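The primary structure of each chain is shown beneath.
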Amino acid sequence: MEYLSNIELYICSIHSVADNEFEISGEEFHHAVNVMRNKIGDKIFATNGNGKIFAGKIIEIGKENLKAEIFKSYTYKNELENFTFCIPNLKNPERLKFAFEKCTELDITNFIIFNSERTLNKTVYLSRLEKIVIAAMKQSLRSFIPTVKIAKSIIELIKGDYELIMFDQSSKQRLNEFNFDIKKNYLLIFGPEGSLSENELKIINTQFVFNLGNHRLRSETAIIKCASILSLSVSND
């Protein structure tokens, strides 16, 4: 696998990639031309958000889009595509933003944000979260656009064919010692400030409860540490 660094990454539509060219439009086009001052003949990099990054040379700049001729492409695998991080609606929006950003940088591409019985049911602005993860994806030169969904309750959260995973400091099972089955889908559920309620724990009722360390961690710290452990385990395979 070849890695890139020291480049500015843009997003192009999957449908715009044809005949060895790609197109950049909308806000991405505005940033590329009006902010970064790219011009015809310049080298430019773009991802289709589905595992490919293209290196191209700008051959045309219009009023609303630009076209680039592809001279090299990079293909990546979504190593953690079967892991979904279920993040509670944290009280502090900056801590919530930080958790989403760092998890995206650490290869997590599936998120569900949820309200629990012990969280303040603040309005979740999905478009804002999507912008946060896309910005983090571009900054860290990832090639998969993360998905962010909303669940209004634990019951809604656990619908689907998943192995449910939770975290508890008293558990004797260590996450970094567990062998995941790559054929299965995993739902990793993190508790909010004050933890999940007894009722919610009964609903989840899973045997997969892991210890992330010997000390109590803030919700966002536990989330990021878990992402780091998973990312490291994949990179060592």
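This text follows the structure it describes.
In this convention, every chain numbers its residues from 1, walking through the sequence in written order. Owing to the predicted nature of the model, reporting of local features is limited to residues with pLDDT of at least 70; listing and counting of side-chain atom pairs is limited to 80 or more, with chain, interface and lining totals taken over all residues. Hydrogens and water molecules were not included; the side-chain quantities draw on all heavy atoms of the structure.

Next up on the list: the sheet that holds strand 9 (residues 163-167). When DSSP finds two or more bridges between two strands, those strands count as paired. The secondary structure listing takes helices from DSSP runs of H or I that are at least 4 residues long and strands from runs of E that are at least 2 residues long, numbered from the N terminus. In spatial order, the strands read 8-7-6-10-9-11; together these six strands make up an open sheet with parallel pairing. Looking along the sheet, the strands with just one partner apiece sit at the ends: strand 8 (147-151) and strand 11 (208-210). Mean inter-strand twist for the sheet, computed between neighbouring axes without regard to direction, equals 25 degrees. As paired strands, strand 9 and strand 11 are joined by three bridges and run parallel to one another. In the strand pairing of strand 11, Ile 165 is matched with Phe 208. Residue contacts follow a heavy-atom distance rule, with two residues in contact if any of their heavy atoms lie within 4.5 Å. Every axis in this analysis is a line fitted to C-alpha atoms, fitted for helices over the stretch in contact. Angles between the N-to-C directions lie between 0 and 180 degrees. Running over the sheet, helix 3 (residues 126-139) touches strand 7 (110-114) and strand 8 and is turned about 150 degrees from strand 8.

Two packed helices can be described by the angle between their axes and the distance between those axes. Close contact between helix 2 (residues 93-105) and helix 3 brings their axes to 8 Å; oriented N to C, the two are set at 40 degrees. If you check the angle between helix 2 and helix 3, you find them oblique. Of the two possible hands of crossing, helix 2 and helix 3 adopt the one that is right-handed. For the pair helix 2 and helix 3, the contacting residues are Glu 94, Leu 96, Lys 97, Phe 100, Glu 101, Thr 104 and Glu 105 in the first and Arg 128, Leu 129, Ile 132, Val 133, Ala 136, Met 137 and Gln 139 in the second. The class makeup of the residues in the contact of helix 2 with helix 3 is seven nonpolar, two polar and five charged. Small angles under 35 degrees read as roughly parallel and large ones over 145 as roughly antiparallel, with 65 to 115 read as roughly perpendicular and the rest as oblique. Crossings are assigned a handedness: left-handed for a near helix turned anticlockwise from the far helix by less than a right angle, right-handed for a clockwise turn. Gly counts as polar in this scheme, as do all residues outside two lists: the nonpolar Ala, Val, Leu, Ile, Met, Phe, Trp, Tyr, Cys and Pro, and the charged Asp, Glu, Lys and Arg.

Working definition of a nonpolar core: buried Ala, Val, Leu, Ile, Met, Phe, Trp, Tyr and Cys residues. They are joined through side-chain atoms within 4.5 Å. Accessible area is worked out with a 1.4 Å probe on protein chains only. A residue is then buried under 20% of its type maximum, exposed over 50%, and partly exposed in between. Phe 85, Phe 100, Phe 111, Phe 167, Leu 188 and Cys 226 are the most contacted members of the largest nonpolar core, which totals 32 residues. Looking at this core, the elements with two or more residues in it are strand 6 (83-88), helix 2, strand 7, helix 3, strand 9, strand 10 (186-189), strand 11 and helix 6 (219-235). At seven residues, helix 6 tops the list of elements feeding residues into this core. Beyond its immediate sequence surroundings of up to four residues, Leu 188 is in contact with Phe 83, Thr 84, Phe 85, Cys 86, Ile 165, Phe 167, Cys 226 and Leu 230. Counting 14 residues, the second-largest nonpolar core is a separate cluster that includes Cys 12, Val 33, Phe 54 and Ile 70.

The values reported here are purely geometric and, on their own, carry no functional implication.
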